[in-house]
Amino acid sequence: MCAVRADPPRVRGKLTLEAYVELAHVQIAPAGDLGGPVDVALSERGHSRRVAVRTPAFLAAPLLTAHSDLVLTAPSLVLKALAAPLGLRLYPPPLELPGFRI
């Protein structure tokens, strides 16, 4: 899933691929690695993203997103639990992404 704050500047009703690549991103990088499945999927479509913040913590990323203009792509299990308390809006990713185990 993708998350943005309650009133995001570039997202109106739907998170388009155009808006997704224009927004700055929070990246969850538990091992500190650059890139990941999102970057691979974007690259295969001729796109890339601008990562503004990297964090190793799955729970820190939604907090950063709630208080910024950043977009976060993270497991739906994490985002669905935190969306209401943090005032996040959730959207399906604008491209197909592979699943992974936490």
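Quick note: structure is the one above.
All values reported here derive from a predicted model rather than from experimental measurement.

1. Focus on the side chain of Thr55
Inspection of the secondary structure assignment puts Thr55 in strand S3 (residues 50-55). On the basis of relative accessibility, which here comes to 9%, the residue Thr55 falls in the buried class. Beyond its immediate chain neighbours, meaning those up to four positions away, Thr55 contacts Val26, Gln27, Ile28, Ala29, Ala60, Ala61 and Leu64.

2. So, the environment of Arg89
Relative to the elements of secondary structure, Arg89 occurs in strand S5 (residues 88-91). By relative accessible area, which is 38% here, Arg89 ends up partly exposed. Setting aside chain neighbours within four positions, we find Arg89 in contact with Cys2, Ala3, Val4, Arg5, Ala6 and Pro8. Within the structure, the side chain of Arg89 is placed 3.0 Å from the backbone oxygen of Ala6, a separation counted as a polar contact.

Rules of the game
Residues numbered from 1 in each chain as written. Predicted model: local features only at pLDDT ≥ 70, side-chain atom pairs only at ≥ 80, totals over all residues. Heavy atoms only, no water. Helix = DSSP H or I, 4+ residues; strand = E, 2+ residues; numbered from the N terminus. Buried < 20%, exposed > 50% of the residue type's maximum accessible area, 1.4 Å probe, protein only. Contact = heavy atoms within 4.5 Å. Polar contact = N/O pair within 3.5 Å; in protein donor to acceptor, adjacent residues only side chain to side chain.

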